[in-house]
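Coordinate analysis (summary)
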Amino acid sequence: MRSDSSDDDFLLARASHLSAPTISPSTDREMDKSASKARPVPAGISIRNGPVGDRMDVDSTPNGAKRKSRSSVGQAVKYKEESDSDDGAPLAKRPRPNQKKAQPDSDDEPVARRNGTKLPPSYKETATLESSDDDQPLGTKLAQRKADIEKAAVKEAKALRADAKAKKATPKKAIKDESDDEPLAKPKKRQSNGVSSAKKTNGVKQEPESDSDAPIARKAKKAAPAPKKGKAAPASKAKAVKDESKDNSEGEEEEEYRWWDAPKKEDDSIKWNTLEHNGVLFPPPYEPLPKNVKLYYDGQAVNMHVDAEEVATFFGSMLHSTLNVENPVFQKNFFNDFKDILKKTGGAKDANGKAIDIKDFKKLDFTKIFEHYKALSDAKKARPAAEKKAEKAERDKVEAPYMFCKWDGRKEKVGNFRVEPPGLFRGRGEHPKTGTVKKRVMPEQVTINIGKGAKVPAPPAGHKWKAVQHDNKATWLAMWQENVNGNYKYVMLAANSTVKGQADFKKFEKARELKKHIDRIRADYTRELKSEVMADRQRATAMYLIDRFALRAGNEKDTENEAETVGCCSLKYEHVTLKEPNIVVFDFLGKDSIRFYNEFPVERQVFKNLKMFKKAPKEDGDDIFDRLTTSQLNKHLSSYMPGLTAKVFRTYNASWTMSHLLQKLKVDDRPMSEKIKLYNDCNREVAILCNHKRTVGTGHEAQMEKLGDRLKGLKYQKWRTRMMMLDVDPKLKKKKGAEFFELDPELDQAWIEKHQAFLVEELKTKIEKKFEKDNEKLAAEGKTAMPAKELKERLKAVGELEAKFKKENKTKKVEAEGKGPTVEKLTTAVDKLDERIKTLEIQCADREGNKDVALGTSKINYIDPRLTVVFSNKFKVPIEKFFSKTLRDKFTWAIQSVGDDDTWEF
DNA sequence: TTAATCACTTAGAACTAGCTTG
DNA sequence: CAAGCTAGTTCTAAGTGATTAA
């Protein structure tokens, strides 16, 4: 019954390749044809880091078609203005009808650099925790475990429902149950604020100038306190602990508000009743360069208007950021803006006031500017501590008024009260606008949201706010629109605030609620994988991917003005490759242009579907899910459970996975440090699941090498010690066997000699340093320094060491060192070395496995903090070991509501 | 519908503070 | 006792998804 009927079809068809609305059995069968007899790999096993090389080349495609096709049609998008001008059809924002023609748009801009530049680090051997044993590609285990976990999930869902049926009124949630408050008290949206009605123009809203502070007038309604199910106080059964005694608020002004103990709010669309704050803090004005610091053009010092100079300093002060500065798009955008401002402000002049025509970026030399700023910051760093402290105090004083606001009478921390300073926009990945000037935000652009009765913060002298509104359905205190992309910037409360905490709590409760429905949802989409309605089949397939592989929803993007990244629903032809009989290879850039590369075995039906969605004439640039949008998907999801959207799956999967990984750990009698490591290992698996990455630092390789050398050094020392044993007691060779004294094969002679040289050198510098220091000390005490002779004397040890090594190399023997060496003593020495080797090895593996995985994001956003609290309780590991101070603040609700309970479950 | 707007969460990189450690 | 690192914090870009407007 899908109604993307004619009209739609027509539109789409004309734009790109669309799959048939329905699927005939024959088509279905066709997909089977090519399937070899090969035995499918069981679904759920992932193969990470498969081949990478060639496929990496996103650009080249079989037929030479460009991957990056653009919506040629009059450069689509361009809001307002444009829309009426050219091409009557406002071509959807959705790049969806992604026409591939227009491809030879080749060089109109240096954007074409796609290949070399970005493309994430090399992933040839991406992390691999448990590097140990198995040759199985990393993800495998994870996936296997995941399969188990899923099974468990189904079971639990059933149990939950049965349970619920049995005793309807007793939800199993902890704390006051949020979720099943059911008919979903829709937040009831506010309508726009003073800014509304504005239109994007070139990506930026136009001043409506409607200003004044009139707007507002929420539609306060909101389906009245919905007939809140009878369910009285949600007696949290799991955690009886909490004293239900309403918080002991005692009005205690500064006492923290234990909202998690308080009764649930009926209407959570109203975020506050009173709100007071002091607005925003503007960045300091631009400070012109000293006379002697200039920008140079073709070797000539350039004079220009301060406004232009400021822009020049934006670039000049970031020369260290080669990634940006050397990016041609960045340069181009910057240069255009720079020339613009020059033109507007009277141009550039040489020392004699003669105009300089700046037209070649390459001739600009910013180094003097860069050095100037470098010197400034160095000087700043070098200042005496007292001075720094004084400055900090001063800064704190300035900030103080903005740090907190009064929200319903309570003091709450404000998050980002600072207005973003001007600079160059640093878009990530291949952002077409990277390098454009981000202009200074003026008070006239800033809208203030504040309580009706509250005193409106005064704008900087001589200025006024764009608008002042009193929207208590919004949580932001101030807002402005940025000029580069026209994005909104909000000043909101800090993560540890009540509102944010409540939202966080709600998010996790929502994810927990999904537990109750997951089996049904999975059963449904599994069935619908075979639907003959294309739209349904695509939806089911997408759900499968989102559920199993934690893909993001994949909203449509503005191809023209944003980096090309995708999520599930926006996957394109070239992002998915199929390997018979059932392996799907994903390779695309996701959020933040982070590469997602994975090979997953999938259920055969999913494989067939994807094959079908890629069926000719589809080609590079075409949507795989051409009959699915995120809104359709989410709409469907919400039919299972109010508030269920694609995003919830990520939270659910991450927390659920963490929960089960933790449960499986054998932790009990381990030392604390190991418990922590085990926890982190689980955390890491979740991070991998969510594809949270960090760039491996440039120094990584070198660091690893250093560690490796240290490790080898230890092994060498161990060997030497054993040889000493032999020296003490030659009979040992028989007793222990020759093997015992064998040199580790990875230590070849060449390395040994290098290492010996290193040791010798090390000893030398050590002695020299010591000598110097001793002399300084003597000098300080007014005594005369030791003569150089003394140094020579001391350095004799170096020569001795060198000689010793030489001898060892020749005789292949090692003389026992130390006083009264015995086999015993040497044995303990070896044991100690072994110990150190082991810890170092672990450390190495750990670091290698961790090099490109970021644990933080999942800890902060996806893993229900209560899981961590319970783990901490259960195994007596202080919570500080898992949560930093700020995280503890952010998760106070979790820490407090769980208390010392160690039975809470996700 | 579909496109546009708006609010809020999620994300990695840049920056910083505090801690070895050489 | 600075250098060098790491862990923690700040910054702001880039997503998601609800609502509204046309």
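All chains use their own residue numbering, which begins from 1 and follows the written sequence. By the order in which they are written, chains take letters starting at A while ligands take numbers starting at 1. Two thresholds apply to this predicted model, a pLDDT of at least 70 for residue-level local features and 80 or more for giving and counting side-chain atom pairs, whereas whole-chain, interface and lining totals are computed over all residues. Water and hydrogen atoms were dropped before computing side-chain values, which therefore reflect all heavy atoms in the structure.

In the annotation of an unreviewed UniProt entry, chain A is listed under the name DNA topoisomerase I and assigned to Staphylotrichum longicolle.

1. Considering the pattern of salt bridges
Where we set the bar: Any Lys or Arg side-chain nitrogen located within 4 Å of an Asp or Glu carboxyl oxygen qualifies as a salt bridge. Secondary structure elements are defined from DSSP: runs of H or I of at least 4 residues count as helices, runs of E of at least 2 residues count as strands, and each element is numbered from the N terminus. Buried residues are those whose accessible area, probed at 1.4 Å on protein chains only, stays under 20% of the maximum for their type, while exposed residues exceed 50% and partly exposed ones sit between those limits.
In this structure the tally under the stated criterion is 41 salt bridges. For Lys-374, the salt bridge identified is with Asp-378, shortest N-O distance 3.1 Å. In this pair, Lys-374 and Asp-378 are both assigned in helix H8 (residues 367-382), four residues apart and thus about one turn of the helix distant. The partner of Asp-396 in a salt bridge is Lys-392, and the shortest N-O contact between them spans 3.1 Å. Highlighted residues: Asp-396 and Lys-392, both in helix H9 (residues 385-403), separated by four residues, approximately one helical turn. For Lys-392, a relative accessible area of 42% corresponds to the partly exposed category. Connected through salt bridges with shared partners, the residues Glu-509, Arg-512, Asp-864 and Arg-866 form a single ionic network.

2. Comments concerning the sheet that holds strand S10 (residues 404-407)
Note the threshold: Each pair of strands is called paired provided DSSP finds at least two bridges between the two strands. Any two residues having at least one pair of non-hydrogen atoms within 4.5 Å are treated as being in contact. All axes here are fitted lines through C-alpha atoms, helices being fitted over the stretch that makes contact, and every angle between N-to-C directions spans 0 to 180 degrees.
In spatial order, the strands read S4-S10-S11; together these three strands make up an open sheet with antiparallel pairing. The strands lining the two open edges of the sheet, one partner per strand, are strand S4 (275-276) and strand S11 (410-413). Pairing of S10 with S11, which is carried by four bridges, proceeds in the antiparallel orientation. Paired with Lys-406 across the two strands is Lys-411, which belongs to S11. Along the sheet, H9 makes contact with S10 and S11, crossing S10 at roughly 15 degrees.

3. Some details on the pairing of strand S16 (residues 478-481)
Along a regular strand, successive side chains alternate from one face of the sheet to the other. Every second residue of S16 is oriented toward a common face, with Ala-478 and Trp-480 on one face and Met-479 and Gln-481 on the other, all of them buried. One ladder, built from two bridges, connects strand S14 (residues 447-449) with S16; its direction is antiparallel. Considered in S16, the bridge of Thr-447 is made with Met-479. In this sheet, strand S17 (residues 488-491) lies alongside S16 in antiparallel orientation, the contact comprising four bridges. Bridged to Gln-481 within S17 is Tyr-488. With antiparallel pairing between neighbouring strands as the criterion, S16 and S17 make up a hairpin whose turn holds six residues, including Gly-486 at a positive phi of roughly 75 degrees.

4. Considering a positive patch on the surface
Note the cut-off: Patches draw on residues past 30% relative accessible area with no salt bridge. Two like charges within 9 Å are joined, as are two nonpolar side chains (Val, Leu, Ile, Met, Phe, Trp, Tyr) within 5 Å. Where accessible areas are quoted, they stem from the Shrake-Rupley method and a 1.4 Å probe; at the residue level, only the protein chains shown are allowed to cover. In this charge count, Lys and Arg are treated as positive and Asp and Glu as negative; neither His nor the chain ends contribute. For the purpose of locating charges, the reference atoms are NZ of Lys, CZ of Arg, CG of Asp and CD of Glu.
Judged by side-chain charge, Lys-706, Arg-710, Arg-836 and Arg-847 come together as a positively charged surface patch. Secondary structure elements with two or more residues in the positive patch: helix H17 (700-728) and helix H21 (823-850). Looking at where Arg-836 falls in the secondary structure, it is placed in helix H21.

5. Observations regarding the side chain of Thr-651
Locating Thr-651 in the fold gives a position in helix H15 (residues 646-664). Classification of Thr-651 by relative accessible area gives buried; the value is 3%. Those residues in contact with Thr-651 that sit more than four places away from it in its chain are Lys-507, Phe-508, Ala-511 and Tyr-862.

6. Digging into the packing of helix H19 (residues 749-780) against helix H20 (residues 788-811)
Convention followed: Should an angle fall under 35 degrees it is called roughly parallel, over 145 degrees roughly antiparallel, and 65 to 115 degrees roughly perpendicular, with every other angle called oblique. It is the rotation of the near helix from the far one that decides the hand of a crossing: anticlockwise by less than a right angle makes it left-handed, clockwise makes it right-handed. Each residue receives one of three labels: charged for Asp, Glu, Lys and Arg, nonpolar for Ala, Val, Leu, Ile, Met, Phe, Trp, Tyr, Cys and Pro, and polar for the others, Gly being one of them.
In the contact formed by H19 and H20, the axes pass within 10 Å of each other and the chain directions differ by 170 degrees. When the interaxial angle is binned, H19 and H20 end up roughly antiparallel. Along this stretch, H19 crosses H20, giving a crossing that reads as right-handed. Taken together, the residues that form the contact of H19 with H20 break down as twelve nonpolar, three polar and eight charged.

7. Remarks on the sheet that holds S17
The sheet built from four strands is open, its strands ordered S15-S14-S16-S17 with mixed pairing. One side of each edge strand has no neighbouring strand; the edge strands of this open sheet are strand S15 (467-469) and S17. Direction aside, neighbouring strands of the sheet carry axes that sit 20 degrees apart on average.

8. A few points about the pairing of strand S19 (residues 583-590)
For S19, the tally of buried residues reaches eight of eight residues, placing the bulk of the element in the interior. Alternating positions in S19 separate into two faces, Ile-583, Val-585, Asp-587 and Leu-589 on one and Val-584, Phe-586, Phe-588 and Gly-590 on the other, with burial throughout. Note: strand S18 (residues 576-579) against S19, four bridges, orientation antiparallel. The partner of Thr-577 across the bridge, within S19, is Val-585. From the end of S19 to the start of strand S20 (residues 594-601), which pair antiparallel, there are three residues, and Asp-592 there has a positive phi angle of about 65 degrees.

9. Describing the packing of aromatic side chains
Centre distance and the angle of the planes are the two values used to describe a pair of aromatic rings. Rule in force here: Side-chain rings of Phe, Tyr and Trp (the six-membered ring for Trp) are treated as a pair once their centres are within 6.5 Å; stacked means planes under 30 degrees apart, edge-to-face means over 60, and tilted covers the remaining angles. Criterion for a charge above a ring: Lys NZ or Arg CZ within 6 Å of the ring centre, and within 35 degrees of the ring normal.
Overall, the coordinates contain 34 aromatic pairs when judged by the stated rule. Ring geometry for Phe-334 versus Phe-361: centroids 6.4 Å apart, planes at 80 degrees, classification edge-to-face. Here Phe-334 is found in helix H7 (residues 328-344), whereas its partner Phe-361 is found in the loop between strand S8 (355-356) and strand S9 (364-365), with 27 residues between them in sequence. The residues Phe-334 and Phe-361 share a single accessibility class, namely buried. With centroids separated by 6.2 Å and ring planes inclined at 85 degrees, the aromatic side chains of Tyr-525 and Tyr-544 adopt a geometry described as edge-to-face. Here Tyr-525 is found in helix H11 (residues 518-528), whereas its partner Tyr-544 is found in helix H12 (residues 534-549), with 19 residues between them in sequence. Classification of Tyr-525 as buried rests on a relative accessible area of 3%. Here Lys-411 stacks its cationic end above the ring of Phe-404, 4.4 Å away from the centre of that ring. The ring centre of Phe-740 lies 3.8 Å from the NZ or CZ of Arg-722, which sits over that ring.

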